Amino acid sequence: MKSLIYLIISTLLSSTKGFLVVPTMKRNSRAVTVMNMAMPKLPPDVEKYSQVPVVDSYFTNEFIPAGLLKEHSTKDGTWGVIRVDSGKLEYRIGEEEIFELSPDNPGIIVPNVKHSVKSLSDDLQFIVEFYRLPDTGPVDEQREGL
């Protein structure tokens, strides 16, 4: 009961919901505890340097590059923002954190952290913006399938 109350309160207090599933053992059965996670924050002084796909186009339910669907990460110093224009997108950070992105809930990509996405709706349209801190040097990234 205590964990249910914690779950309800933490869900109500969070505007961006992600969930960490933690297995717990009970006598002769397996229970699951769900804990609310917070979306990472983009540093305030980063500068946008790139976007995929290009301006005025979107990834859609019918076209998400294979590289985004499987676990991948950005390079040192490269941050990202997943912006959903319409529909819903699952954003998984590692194996534990799962967020549902929508037009009101963007996803933040942290440098060197494994992540993946999956479409949750037929009307999905989204882009990925890339950011770096000022004076961190040139960007040399090869993006699979983009």
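Calculation criteria
- Residues numbered from 1 in each chain as written.
- Predicted model: local features only at pLDDT ≥ 70, side-chain atom pairs only at ≥ 80, totals over all residues.
- Heavy atoms only, no water.
- pLDDT = per-residue confidence, 0-100.
- Contact = heavy atoms within 4.5 Å.
- Helix = DSSP H or I, 4+ residues; strand = E, 2+ residues; numbered from the N terminus.
- Buried < 20%, exposed > 50% of the residue type's maximum accessible area, 1.4 Å probe, protein only.
- Phe/Tyr/Trp six-rings, centres within 6.5 Å; stacked < 30°, edge-to-face > 60°.
- Core = buried A, V, L, I, M, F, W, Y, C linked by side-chain atoms within 4.5 Å.
- Salt bridge = Lys/Arg side-chain N within 4 Å of Asp/Glu carboxyl O.
- Polar contact = N/O pair within 3.5 Å; in protein donor to acceptor, adjacent residues only side chain to side chain.

To continue, consider the confidence of the model for the protein chain. Confidence in the prediction for the protein chain averages 79 pLDDT; 68% of positions are at 70 or higher. For residues 1-35, every residue scores under 50 in pLDDT, and the model assigns this stretch 50 contacts once sequence neighbours within four places are set aside.

V52 connects to P53 through a cis peptide bond whose omega is -20°. Positioned with a positive phi, D56 is a non-glycine residue whose angle comes to about 70°. Mapped onto the elements of the fold, D56 is located in the loop between β3 (47-52) and β4 (59-60). According to the relative accessible area criterion, D56 is exposed, its value standing at 76%. The phi dihedral of N112 falls on the positive side, at around 65°, and the residue is not glycine. By the element assignment, N112 lies in the loop between β8 (107-109) and β9 (115-119).

To continue, consider the packing of aromatic side chains. For the structure shown, the criterion picks out four aromatic pairs. Between F59 and F126, the ring centres sit 5.3 Å apart and the planes meet at 50°, which makes this aromatic pair tilted. On the criterion of sequence distance, the pair formed by F59 in strand β4 and F126 in strand β10 (residues 125-132) is long-range, its members being 67 residues apart. The exposure classification of F59 matches that of F126, with both residues buried. Connected via pairs of aromatic rings, a cluster forms that spans F59, F63 and F126.

Glancing now at the nonpolar core. Counting residues in hydrophobic clusters, the biggest one holds 23 residues, and the most contacted among them are I82, L89, Y91, L101, V117, F126 and V128. Every element with two or more residues in this core is listed here: β5 (78-86), β6 (89-93), β7 (97-101), β8 and β10. Once you skip the residues sitting within four places of it in the chain, V128 turns out to touch S50, Q51, V52, F59, V81, I82 and I109.

On to the pattern of salt bridges, then. Two side chains of opposite charge can pair, provided their charged atoms sit close to one another. For the structure shown, the criterion picks out five salt bridges. As a salt-bridge pair, K48 and E129 come within 3.5 Å of each other at their nearest N and O atoms. With K48 in strand β3 and E129 in strand β10, this pair connects stretches of sequence that are 81 residues apart. Between E90 and R92 there is a salt bridge, and its shortest N-O distance comes to 3.6 Å. Bridged by salt links that share partners, the residues K48, R83 and E129 form one connected network.

Our focus in this paragraph is the side chain of S121. If you trace the backbone, S121 turns up in the loop between β9 and β10. Engagement of the side chain of S121 in a polar contact is seen with the backbone nitrogen of K88, the distance being 2.8 Å. In this structure the side chain of S121 is engaged in a polar contact, spanning 2.8 Å, whose partner is the side chain of D123. Not counting residues within four places of it along the chain, the set of residues in contact with S121 comprises N61, G87 and K88.

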